[in-house]
Amino acid sequence: MSLAAYCVICCRRIGTSTSPPKSDTYWRDIRNIIKFTGSLILGGSLFLTYEVLALKKALALDTQVVEREKMKSYIYVHTVSLDKGENHGIAWQARKELHKAVRKVLATSAKILRNPFADAFSTVDIEDHECAVWLLLRKSKSDDKTARLEAVREMSETHHWHDYQYRIIAQACDPKTLIGLARSKESDLRFFLLPPPLPCLKEDSTEEELRQLLASLPQTELDECIQYFTSLALSESSQSLAAQKGGLWCFGGNGLPYAESFGEVPSATVEMFCLEAIVKHSEISTHCDKIEANGGLQLLQRLYRLHKDCPKVQRNIMRIIGNMALNEHLHSSIVRSGWVSIMAEAMKSHHIMEASHAARILANLDRETVQEKYQDGVYVLHPQYRTSQPIKADVLFIHGLMGAAFKTWRQQDSEQAVIEKPIEDEDRYTTCWPKTWLAKDCPALRIISVEYDTSLSDWRARCPMERRSIAFRSNELLRKLRAAGVGDRPVVWISHSMGGLLVKKMLLEASKKPEMSTVINNTRGIIFYSVPHHGSHLAEYSVNVRYLLFPSLEVKELSKDSPALKKLQDDFLELAKDKNFQVLNFVETLPTYIGSMIKLHVVPVESADLGIGDLIPVDVNHLNICKPEKKDAFLYQRTLQFIRETLAKDLEN
C-alpha cells in the first residue's frame, strides 16, 4: 500500500509542477517510478507463484504415498500442526482466503465437467487412472439400490487394477458392498482384508475356552436334545481336562458311541461334542446373542484355523455362523470379526460341502439381494452367487434314511477317491450332480438340498431322546423350507427312500394350512427314487442286524403293517389326483447289503408303485438308485426330461 501511495505522489508532483524541472530531476523521478513499479510487479509475481505452488502441494496427492500404498495395506494421512501460533499474520489470512476461492473454482469445474466425486473427495486432485476406484466407491454407497448393485458387479468384474487399488476398496467399502463382493463369482480375493488379530490365549486352552462358552449359555427352557448335547459336551470336557492333568484319557459315560466314530485325537473329539451342542444352541436367537457377547465369533474363528484339515469341525463351525447370520442385528459383528473374508475364500473351494456352507452364511448376510432365510440344514446348491439370471422355479432334493444333503446325490460311486481328493473335472465325476450337472442344464432353477438327522437304530441316534416321527420331521422341514421362500415359485420335489414319505407328509400338512397354500398351488411334480409307499423289508429284518436290535422310530414306521403309512398313502393319493401332480417313480431291482451280515431288497417293486405316474425299474441297488453312473446315463437323462417337461410353461415365461 505504501509503495502504491508513493507512486501516486510522484506522478502528481510531475503533473502539477509550475516551473519546468531540470532534466536530471525529471528523469530521476521517472527512474524511481519504474524502480518501484517493477519491484511491485516482480514481488507480486513471486508471491502469486509461491501461493499457487503451495496450494498445488496442499491439494495434490503425494506420489510417495501412492508408491507406499502399492506396498502396504493401509492409507497414509499427513498430520497438520495444531499450533495456532503458526497461523497468525496477514499473509496467513490472505493464503486462507485464496485457498477458499481456488477450492470453490475446482469444485464448481468438477461439477460442470464431470461431477465425479462426493463431498469428501471434491478437493482432491486424483489422477485419471484413479477415478474409477473412487467413482465405484461412491456409486456403491448410493441411495439407489440398482446403482449399488451395479457398482458391486463392476468391481467384481475388474481384474486389471493394481494391488493397492483393491486394498483401497477393501478399506473404504461398507459391509453391504463387502458381502456383495463375497457373493460375486468373479471377485478377486484381494478385495478382502485379513481378519483382525485374535486375542491371545494360553497354550492348549482352546478346549477350555470352548467349554466355558458352552457353560455360559442359558441352560433352562431347552428341549431334551439340546440338554443332552450340552450335558454330554460339558461332561466329556471335564473328563478330558482331568485326563490331561493326570496323563490319562478315558472317554467313559455316554461319549463312548461318539468316540468310536472319530479318528482324531481325543481333544478334537471333545471339541466336536462342544460344537454339536453349540450348533443346537445357535438355533435359538437369544443364545446367539450370548455367543457373540462372550467372544464366540473370535473363538470359533480360532478353531476354524486350527482345524483346517478337519472338515467335520469346520462344517459345524460354519453351521453355527450360518445360524447366527439369521439374526440381522448380529451382521455387523460377524462382518467386523472377519468372517466375510474367510467365507469368500471358502466359496471358491472345490469341496462342494465347504462351498455350500459358506454360500448359506453369505446368503443369510446378504439382505440386498436375498429375501429368504436359510435355516440349519437348508442349502442352496444353485445359484450360490449373485446372478443376473432370473430364477423361475425351484427343485428340492430330500434324502432318506442315513442320507445327507450332498453325499446322497453324488455320482456312482468313487466315494473313497472323492474323500481323499476333490476332482476338479466335474463332467467326469461329481460329488453332487444336482449342483454340477442339473445347474448347467437348467440355469433358471434354484436348486435346494435339505439335510436332517436320521438313524437306523436308537443305539446310533445322535440324540437318544429324539424319537421323531415322520409327522414331526415333516412339520419342521416345511417350516424351514417356507422360510427359504419355497412355494413362491413353481416347485418340483425329488426324494429318495424315506425322503419321499416326508415329501408326501409335508404336502398333506401344507394342504391343511392356509398360510402354506402357495406350496400346494405351486407344486408341479414329484420324483420318487425307491420310496416305500407301502412299506419296506428293512423293518422286518431289524432283529437280524446288529445295528437294528432297537430299530429307530423312523424304521418302525416303514413296516408294511404300519397304520400311519397306509393312511399317508391313501390321503396323498387323493391329494395328488385332485391337484394333478405330475409323478415319476424309479425303483431298484438289485439287493442292497445292510451292514456285513445281510443283503435284502429294501424297496420291492410293488412298494415303490404310488398308483399314479410312470414306474421305471433300474438295475441298481437301493443306495445307487439316486446316483447316476454318468451324465448321459438313463437315470439322469430321464430325470432331466421330467423336470423340463413339468416346468416347460414356467421356464418359458
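Residues numbered from 1 in each chain as written. Predicted model: local features only at pLDDT ≥ 70, side-chain atom pairs only at ≥ 80, totals over all residues. Heavy atoms only, no water.

Draft legend 1. Spotlight on the overall build of the protein chain. In terms of helices and strands, the protein chain carries 28 helices and nine strands. Residue pairs in contact within the protein chain that sit at least 24 positions apart in sequence constitute 75% of those at least 6 positions apart. Accessible surface for the protein chain amounts to roughly 33,100 Å². Of this, 55% is attributable to carbon and sulfur atoms. (Helix = DSSP H or I, 4+ residues; strand = E, 2+ residues; numbered from the N terminus. Contact = heavy atoms within 4.5 Å. Areas by Shrake-Rupley, 256 points an atom, 1.4 Å probe, with all protein chains shown as cover.)

Draft legend 2. Structural detail: the sheet that holds strand β1 (residues 378-382). With respect to topology, seven strands assemble into an open sheet ordered β1-β3-β2-β4-β5-β6-β9, the strand pairing being mixed. The sheet is open, and its two borders are formed by β1 and β9 (614-618), each paired with just one other strand. This sheet shows a mean twist of 20° between the axes of neighbouring strands, independent of strand direction. As judged from the five bridges shared by strand β5 (residues 523-529) and strand β6 (residues 582-588), these two strands associate in the parallel manner. Bridge assignment links I526 to a residue of β6, and that residue is V583. (Pairing = 2+ DSSP bridges. Axes fitted to C-alpha atoms, helices over the stretch in contact; angles between N-to-C directions.)

Draft legend 3. Spotlight on the nonpolar core. If you look at the biggest cluster of nonpolar residues, it comprises 65 residues, and the most contacted ones within it are I169, I317, I321, M324, W339 and M343. Residues lining this core come from more than one domain, with at least three contributed by each of domain 1 (128-191) and domain 2 (196-243 + 266-374). Filtering out sequence-adjacent residues up to four positions away, M324 remains in contact with C288, I291, E292, L297, L330 and I334. Counting residues in each nonpolar core, the second largest holds 43 residues, with L401, A510, L573 and F581 among its members. (Core = buried A, V, L, I, M, F, W, Y, C linked by side-chain atoms within 4.5 Å. Buried < 20%, exposed > 50% of the residue type's maximum accessible area, 1.4 Å probe, protein only. Domains from an automatic or database assignment.)

Draft legend 4. Layout of helix α15 (residues 311-324). With 14 residues, α15 extends 20 Å between its outermost C-alpha atoms, agreeing within 8% with the 20 Å of an ideal straight helix rising 1.5 Å per residue. Burial in α15 covers these residues: V313, Q314, N316, I317, M318, R319, I320, I321, G322, N323 and M324. (Expected span 1.5 Å × (residues − 1).)

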